[in-house]
Amino acid sequence: HHHQLLQILKFTRTQRETAVREVEREIQDTGDNSLTADDFSHDEVKTIFDGLCKVVKSTLQTELQHISHCNAVLVKQLFVQAENHGVSITADTSTLENKTVLDQVAELEKDLSAAALKKAPPLTNKAPLAAMGGG
């Protein structure tokens, strides 16, 4: 399970980075397209920021919805696989906002990022995963 969790973390990190890049691109485009004069009136600045806010909100909604749908597909795959093997599983959604568990996942992702930067072999420390009930 450890390797699979690492693969999921890599995928979700890539999705998150894509969403951030998209927002950055939208902000840059707004700047490039709107900030062509040296002086702006208060109303012009407000109009630019209102437009930027709408674009960022729309982009975030789209990107976060995509990430959410990807996660739902993953969970569905796991449920189907379990059912195909005669196992009935449930999801405890109350743990999805458990700060301790989320911190453990964040630490695992941080370790994964550090290992990637060092081009080290795959992580062998399963302590965060074991604490989450996996591994």
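Just so you know, these numbers come straight off a predicted model, no measurement behind them.

Reading guide: rules and limits
Residues numbered from 1 in each chain as written. Predicted model: local features only at pLDDT ≥ 70, side-chain atom pairs only at ≥ 80, totals over all residues. Heavy atoms only, no water. Helix = DSSP H or I, 4+ residues; strand = E, 2+ residues; numbered from the N terminus. Buried < 20%, exposed > 50% of the residue type's maximum accessible area, 1.4 Å probe, protein only. Areas by Shrake-Rupley, 256 points an atom, 1.4 Å probe, with all protein chains shown as cover. Axes fitted to C-alpha atoms, helices over the stretch in contact; angles between N-to-C directions. Parallel < 35°, antiparallel > 145°, perpendicular 65-115°, else oblique. Left-handed = near helix turned anticlockwise from the far one by under 90°. Nonpolar A, V, L, I, M, F, W, Y, C, P; charged D, E, K, R; others polar. Salt bridge = Lys/Arg side-chain N within 4 Å of Asp/Glu carboxyl O. Expected span 1.5 Å × (residues − 1). Contact = heavy atoms within 4.5 Å. Patch = residues over 30% accessible without salt bridge, like charges linked within 9 Å, V, L, I, M, F, W, Y side chains within 5 Å. pLDDT = per-residue confidence, 0-100.

## So, the overall build of the protein
Okay, step 1: Secondary structure summary: the protein contains 4 helices and 0 strands in total.
Okay, step 2: Walking the protein from its N terminus toward its C terminus, one meets helices and strands in the order α-α-α-α.
Okay, step 3: Looking at the protein as a whole, 18% of its 135 residues are labelled buried.
Okay, step 4: With the model as given, the accessible surface of the protein reaches about 10200 Å², and the carbon-plus-sulfur share is 57%.

## What about the packing of helix α1 (residues 2–34) against helix α2 (residues 42–84)?
Okay, step 1: Between α1 and α2, the least distance of the axes is 10 Å, while the angle of their chain directions is 165 degrees. Relative to α2, the element α1 lies roughly antiparallel. The element α1 and its partner α2 pack so that their crossing is right-handed.
Okay, step 2: Per-class residue counts for the contact of α1 with α2 are 13 nonpolar, 8 polar and 4 charged.

## Some points on the pattern of salt bridges
Should their charged atoms come close, side chains of opposite charge can pair.
Okay, step 1: Scanning the entire structure with this criterion turns up 6 salt bridges.
Okay, step 2: The closest approach of N and O atoms between Arg25 and Asp29, which form a salt bridge, is 2.8 Å. Of the two residues, Arg25 and Asp29 are both situated in helix α1; the distance of 4 residues between them amounts to about one turn of the helix.

## Here's the deal with α2
The periodicity of an α-helix, 3.6 residues per turn, causes residues three or four places apart in sequence to face the same way.
Okay, step 1: End to end, α2 covers 62 Å across 43 residues, agreeing with the expected 63 Å (1.5 Å per residue, within 8%).
Okay, step 2: Looking at α2, one finds that the buried residues are Ile48, Leu52, Val56, Thr59, Glu63, Ile67 and Ala82.
Okay, step 3: Gly86 lies just past α2 and shows a positive phi near 75 degrees.

## Here's the deal with the side chain of Glu63
Okay, step 1: Within the fold, Glu63 resides in helix α2.
Okay, step 2: In contact with Glu63, other than residues within four places in its own chain, are Thr18, Ala19 and Glu22.

## Here's the deal with a nonpolar patch on the surface
Okay, step 1: Among the surface-exposed residues, Leu78, Val87 and Ile89 lie close enough to one another that they form a single nonpolar patch of about 230 Å² accessible area.
Okay, step 2: Counting through the fold element by element, Leu78 comes out in helix α2.
Okay, step 3: Its relative accessible area of 43% is what places Leu78 among the partly exposed residues.

## Section: the confidence of the model for the protein
Okay, step 1: Averaged over every residue, the pLDDT of the protein is 82; the share at 70 or more is 85%.
Okay, step 2: For the protein, the element scoring lowest by mean pLDDT is helix α4 (residues 127–131), at 46; α2 scores highest, at 91.

## Digging into the side chain of Thr30
Okay, step 1: With respect to the helices and strands, Thr30 occurs in helix α1.
Okay, step 2: If we ignore the near neighbours within four places in the chain, the residues touching Thr30 are Leu35, Ile48 and Leu52.

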